[in-house]
Amino acid sequence: MTDPDRLIAAAREAAVHAHAPYSKFAVGAALLLADGSIVTGANFENASYGLSLCAETVATATASASGRLREIVAVGIVGGRIGQADTDPIRPCGRCRQVLNEAAQMGPLGDMDVYCSGLGGGIIETHRLSVLLPSAFGPANLGIGEHA
């Protein structure tokens, strides 16, 4: 059972560590693993903007680096302007949807819940990744992963 409030709280904690000196827009992500543990990430901007990393990508790479990519079952994402009380939910960008899809198709469920909220609180939206990224290309198309 997923606890969206727990994931969103962990994502908010991660967003505190965002390196966002250019956009001043912090994003935190928290991945729920099958055993109930959480892996987090925050956005990391770069003066060469194309080299910036989204929070969801940082968290997914962290899970993968510790051998836990196949254990991701849900994600919580928050974002907003640093120093503001933004409450509008943010959703993952297209690149992050594709990165999360990679993890989902390699994992036990083949899909995942995506919980979205604002940095300063507010409502928590719940989406299925397959709805946010319909007809996705991924490991299953290449005959690998648990859902090939």
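So, here's what we can say about the structure. All values reported here derive from a predicted model rather than from experimental measurement. (Residues numbered from 1 in each chain as written. Predicted model: local features only at pLDDT ≥ 70, side-chain atom pairs only at ≥ 80, totals over all residues. Heavy atoms only, no water.)

Another aspect to go through is the pattern of salt bridges. On inspection of all chains with the given rule, the structure shows six salt bridges. For arginine 128, the salt bridge goes to aspartate 113, with nearest N and O atoms at 3.0 Å. Pair noted here: arginine 128 is in strand S5 (residues 121–128) and aspartate 113 is in strand S4 (residues 113–118), with a separation of 15 residues, a long-range link. Overlapping salt bridges bring together Asp35, Arg68 and Glu71 as one network. (Salt bridge = Lys/Arg side-chain N within 4 Å of Asp/Glu carboxyl O. Helix = DSSP H or I, 4+ residues; strand = E, 2+ residues; numbered from the N terminus.)

Attention shifts here to unusual backbone geometry. Residues other than glycine predominantly adopt negative phi, and peptide bonds predominantly adopt the trans conformation. One non-glycine residue, lysine 24, adopts positive backbone phi at about 60 degrees. As for its placement among the helices and strands, lysine 24 is situated in the loop between helix H1 (4–15) and strand S1 (25–33). The class for lysine 24 is partly exposed, based on a relative accessible area of 46%. (Buried < 20%, exposed > 50% of the residue type's maximum accessible area, 1.4 Å probe, protein only.)

Before going further, it helps to examine the packing of helix H2 (residues 55–65) against helix H3 (residues 94–106). Packed helix pairs are specified by the crossing angle of their axes together with the interaxial distance, meaning the distance between the axes. At a minimum axis distance of 9 Å, the contact between H2 and H3 shows a crossing angle of 25 degrees. As judged from the angle between their axes, H2 and H3 are roughly parallel. Here H2 runs over H3; the crossing is left-handed. Of the residues in H3, those in contact with Glu56, Thr57 and Thr60 of H2 are Arg95, Cys96, Val99, Leu100 and Ala103. Across the contact of H2 with H3, the residue classes tally to four nonpolar, two polar and two charged. (Axes fitted to C-alpha atoms, helices over the stretch in contact; angles between N-to-C directions. Parallel < 35°, antiparallel > 145°, perpendicular 65-115°, else oblique. Left-handed = near helix turned anticlockwise from the far one by under 90°. Contact = heavy atoms within 4.5 Å. Nonpolar A, V, L, I, M, F, W, Y, C, P; charged D, E, K, R; others polar.)

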